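Per-entry structural report
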Amino acid sequence: MRNGQRGIDMAWCRTLPELASATLHTGADQLHRPIRWVAVIEWPVEHFVSTGDLVLTTGVGCDEAQLVRFVGQLAEAGAAAVCFSTGPGAPHQNVPTAVVAAAAEVAMPLLELPWSIRFSDVSRAIIQSLFTRDQGVNQALLSATGVAGVADALEVVLGGPVLVLDLTLGLLGAGPAGTDWGASPDRLTRLRDCLTGVDALTAQLDADHRLVAAPATVRADILAWVVAILPTADDPAAAELAVAHAGTAVAIELLRDIAADEAEWRARSDFLWTVAAGGITSEHELAARAALLGLPLSLGLNVGVGLLEIQDAATAPSVRDVALRLRRRLVAAGGLVAWRGNELLVGARAAGVDFAMVVEEAASVAAPATLSWGLATGSYTLSTLADAVVQARTARAVTRALHGPGAAGRTDELGAFMLLHSLATDQVAARLAGEVLSPLETADKDHNSDLLGTLEVFLAENGNISSAARRLFLNRHSLIYRLRKITDLTDRDLGSHEDRLLLDISLRLRRLRAEVDR
């Protein structure tokens, strides 16, 4: 719905208390432009802005060049003005100079609004004025707060049940009449059948009722549906107008909630990585910062660290996509998920969460990329998180060396390999291990034999010739021949505990070294 007559202009809007703190950067001579609606969007503009719109935006996800293009697109669409929300906590601390220059070039009024001012308050004040001056629509709709408040106010305007449904058509909120109406599963099923696969509609629900629905849309994404149930005899035209406005109000409320949730997640994620890196050494500071973020110090967590390895960026999801999916799964159980670079940090409540299922779900989301995991055994608090992350990363590196990318390993299942991992980066240890095994490597290469593999199996079977022969599919005499060959080439006695220990450590370091050199 658009207001076709001149109602209020930008100069008048600046007198509203909600815009009193806004700074006008450009377009002082263009403030007479009529404001016909308020659009809360982000780049790109596409077809979501109409002539006379006051555009409210945060510029989230845009760099300076994209914001310059954004302003140009707004001018081409006929926007009356653009208002950027900036400051601490916002995507941008201030409006870039190049963006101000771009607005001046196209004679576009550009205002800068403090981040603390809610878009919903600005929109509500302007739309309320539009209604009061030009439409006379009940102001209760715009004074409501929250999704349920919008539904309640719309019921007052229309006199019938109103429901707000989420993207999966689950109930987000409703007015009192909508709550009663939606108590019937059969009614909700019919309603969902009518809504599936459409963008906006007026449709017959049953013999006595029709529904008027409008999406709460941000950019091209539908976040929710506002649905009014009216008697069939009523003219739906007037209701369409009010429901469309309610869709805008709901979109604004949900957008603010999404932004707040994203900001909180980002803050928690940064905090967890700082703690994991040992960046907070004071228990007092750790407790204070954790309390601000709502994280109890005593929270017992199983800790895992994942590494996303992307072969084809065009088809693989981002680390954030995987983190978001895991966060949705774990948040109800009190779990924590953070991401940075190509790493994921997951803290699952020690009770109630199956980490194997977390790993499996993450792998399915990450495909076709591979996700390697290291899991620290035990329960950890924020105070011991740094130690858990070190152990988990070590377990991940060992597991990748033993089984390749895409595997998961626990510290308690990797045995001596965990102890030997640090030696894999020691040049002296690596050289000594190489010298011990070099004769066998040379023989395998020259004669296409498998003396290294034979030795590894023999040691894994604790020197039991019969067991080793069965694993290698050899007869005892063939295995004994190979073992004599190994003894001759290495000058080590396979019956000696010390020599067998040296050979075993050398073999393990050789496998770990492959991960270090990768």
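What you are looking at is a predicted structure, and each value in this text was computed from that prediction instead of being measured. (Residues numbered from 1 in each chain as written. Predicted model: local features only at pLDDT ≥ 70, side-chain atom pairs only at ≥ 80, totals over all residues. Heavy atoms only, no water.)

1. What to know about the overall build of the protein
Going by this rule: Helical segments are the DSSP runs of H or I of at least four residues, strand segments are the runs of E of at least two, and each set is numbered from the N terminus. Both definitions apply: the radius of gyration is a C-alpha atom measure, and the globule rule equals 2.2 Å times residues to the power 0.38. We call a residue buried when its accessible area falls under 20% of the maximum for its residue type, exposed when it is over 50%, and partly exposed in between, using a 1.4 Å probe and counting protein chains only. Only heavy atoms enter the contact rule, under which two residues are in contact if any of them lie within 4.5 Å. Surface exposure here means Shrake-Rupley accessible area, sampled with a 1.4 Å probe, where a residue is shielded only by the protein chains that are shown. When charges are counted, neither His nor the chain ends are considered; positive counts come from Lys and Arg and negative counts from Asp and Glu. Note on charges: their place is set at NZ of Lys, CZ of Arg, CG of Asp or CD of Glu.
Each helix and strand counted, the protein has 19 helices and 17 strands in total. The globule rule puts the C-alpha radius of gyration for 518 residues at 24 Å, and the 32 Å found for the protein is more than 25% above it. Residues counted as buried form 46% of the 518 residues belonging to the protein. Across the protein, the fraction of contacts at a sequence separation of at least 24, relative to all contacts at a separation of at least 6, is 65%. Summed over all atoms, the accessible surface of the protein reaches about 24100 Å², with 52% contributed by carbon and sulfur. Here the protein contributes 44 positive and 60 negative side-chain charges, whose respective centroids are spaced 5 Å apart.

2. Digging into the environment of arginine 410
Its place among the elements puts arginine 410 in strand β17 (residues 408–410). Look at arginine 410 and you get partly exposed, because its relative accessible area is 29%. Taking C-alpha positions, arginine 410 is 52 Å from histidine 47, a pair spaced 363 residues apart along the chain. Sequence-distant contacts of arginine 410, that is, excluding residues within four places in its chain, are made with Leu375, Thr377 and Ala395.

3. Here's the deal with the pattern of salt bridges
Which entries qualify depends on this criterion: In the sections that follow, a salt bridge refers to a side-chain nitrogen of Lys or Arg positioned within 4 Å of a carboxyl oxygen of Asp or Glu.
Scanning all chains against the criterion turns up 15 salt bridges. A salt bridge links arginine 289 to glutamate 285, with the shortest nitrogen-to-oxygen separation between them at 3.3 Å. Residue arginine 289 and its partner glutamate 285 are both found in helix α10 (residues 283–292); the two are separated by four residues, about one turn of the helix. Judged by relative accessible area, arginine 289 falls into the partly exposed class, the value being 32%. Residues participating in the shared-partner salt-bridge network are Arg118, Asp121 and Arg124.

4. Focus on helix α13 (residues 385–403)
We apply this condition: The span one expects for a helix is its residue count, reduced by one, times 1.5 Å.
The end-to-end C-alpha distance of α13, which contains 19 residues, comes to 26 Å, matching closely the 27 Å that a straight helix rising 1.5 Å per residue would cover. The positive-phi residue at the C-terminal boundary of α13 is glycine 404, with phi of around 90 degrees.

5. Quick notes on unusual backbone geometry
Cis geometry marks the peptide bond from tryptophan 43 to proline 44, where omega comes out at 5 degrees. Among the secondary structure elements, proline 44 is positioned in the loop between β4 (37–40) and β5 (53–57). Residue proline 368 follows alanine 367 across a cis peptide bond; omega there is 10 degrees. Non-glycine residue asparagine 462 carries a positive phi angle of around 60 degrees. Turning to its location among the elements, asparagine 462 is positioned in the loop between α16 (451–460) and α17 (465–472). Look at asparagine 462 and you get exposed, because its relative accessible area is 65%. A positive phi is found at aspartate 491, a non-glycine position, where the angle reads about 60 degrees.

6. What about helix α6 (residues 146–158)?
Taking 1.5 Å per residue as the helical rise, α6 with its 13 residues ought to reach 18 Å, and the 18 Å between its terminal C-alpha atoms agrees with that figure. Residues of α6 that are buried: Val147, Val150, Ala151, Ala153, Leu154, Glu155 and Leu158. Glycine 159, located one to two residues past α6, shows a positive phi value of around 80 degrees.

7. Concerning the nonpolar core
Put simply, the test is: Take the buried residues of types Ala, Val, Leu, Ile, Met, Phe, Trp, Tyr and Cys, join any two whose side-chain atoms come within 4.5 Å, and each joined set is a nonpolar core.
Counting residues in hydrophobic clusters, the biggest one holds 25 residues, and the most contacted among them are Met10, Leu19, Ile35, Leu56 and Ile126. Listed by contribution, the elements that provide at least two residues to this core are α1 (10–13), β4, β5, β6 (81–86), β7 (110–114) and α4 (119–135). When residues in this core are grouped by element, the largest group, six residues, is from α4. Beyond its immediate chain neighbours, meaning those up to four positions away, leucine 56 contacts Val38, Ala39, Val40, Ile41, Cys83, Phe119, Val122 and Ser123. Core analysis: the second largest hydrophobic core is formed by 24 residues, Leu272, Trp273, Leu336 and Ala338 among them.

8. A closer look at the sheet that holds β17
Heads up, the rule is: One bridge is not enough; two strands pair if DSSP finds at least two bridges between them. Note on definitions: angles span 0 to 180 degrees between N-to-C directions of axes, and those axes are lines fitted to C-alpha atoms, for helices only across the stretch in contact.
Read across the sheet, five strands follow the order β14-β15-β13-β16-β17 without closing on themselves; strand pairing throughout is mixed. With one partner strand each, in any of the chains shown, β14 (336–340) and β17 form the two edges of the open sheet. Within the sheet, the average angular offset between the axes of one strand and its neighbour, ignoring direction, is 15 degrees. Bridge count for strand β16 (residues 370–380) against β17 is three bridges, and the pairing is parallel. From the neighbouring strand, leucine 375 faces β17, where its bridge partner is arginine 410. Most of the contacts of α13 go to β16, to which it runs at about 140 degrees, and overall it touches β13 (301–309), β15 (343–349), β16 and β17.

9. Section: the pairing of β7
Each regular strand shows side chains that alternate between the opposite faces of the sheet. In terms of burial, β7 is a largely internal element, four of the five residues being buried. Sheet topology note: the strand β2 (residues 23–26)/β7 ladder contains three bridges and is antiparallel. Residue pairing in the sheet places threonine 26 in a bridge with leucine 110 of β7. Two elements, β6 and β7, share five bridges in a ladder whose sense is parallel. From the neighbouring strand, threonine 86 faces β7, where its bridge partner is proline 114.

10. Some details on the packing of helix α11 (residues 319–330) against helix α12 (residues 355–366)
So the rule is basically this: Crossing handedness is defined as follows: a turn of the near helix away from the far one that is anticlockwise and smaller than a right angle gives a left-handed crossing, while the clockwise case is right-handed. Following the grouping adopted for this structure description, the nonpolar residues are Ala, Val, Leu, Ile, Met, Phe, Trp, Tyr, Cys and Pro, the charged ones are Asp, Glu, Lys and Arg, and the polar ones are all others, Gly among them.
Where α11 meets α12, the closest approach of the two axes is 9 Å, and the angle between their N-to-C directions is 145 degrees. Between α11 and α12 the crossing geometry is right-handed. For the pair α11 and α12, the contacting residues are Asp321, Val322, Arg325, Leu326, Arg329 and Leu330 in the first and Met357, Val358, Glu361, Ala362, Val365 and Ala366 in the second. Class assignment for the residues of the contact of α11 with α12 results in eight nonpolar, no polar and four charged.

Everything listed here is a matter of geometry and, on its own, says nothing about what the molecule does.
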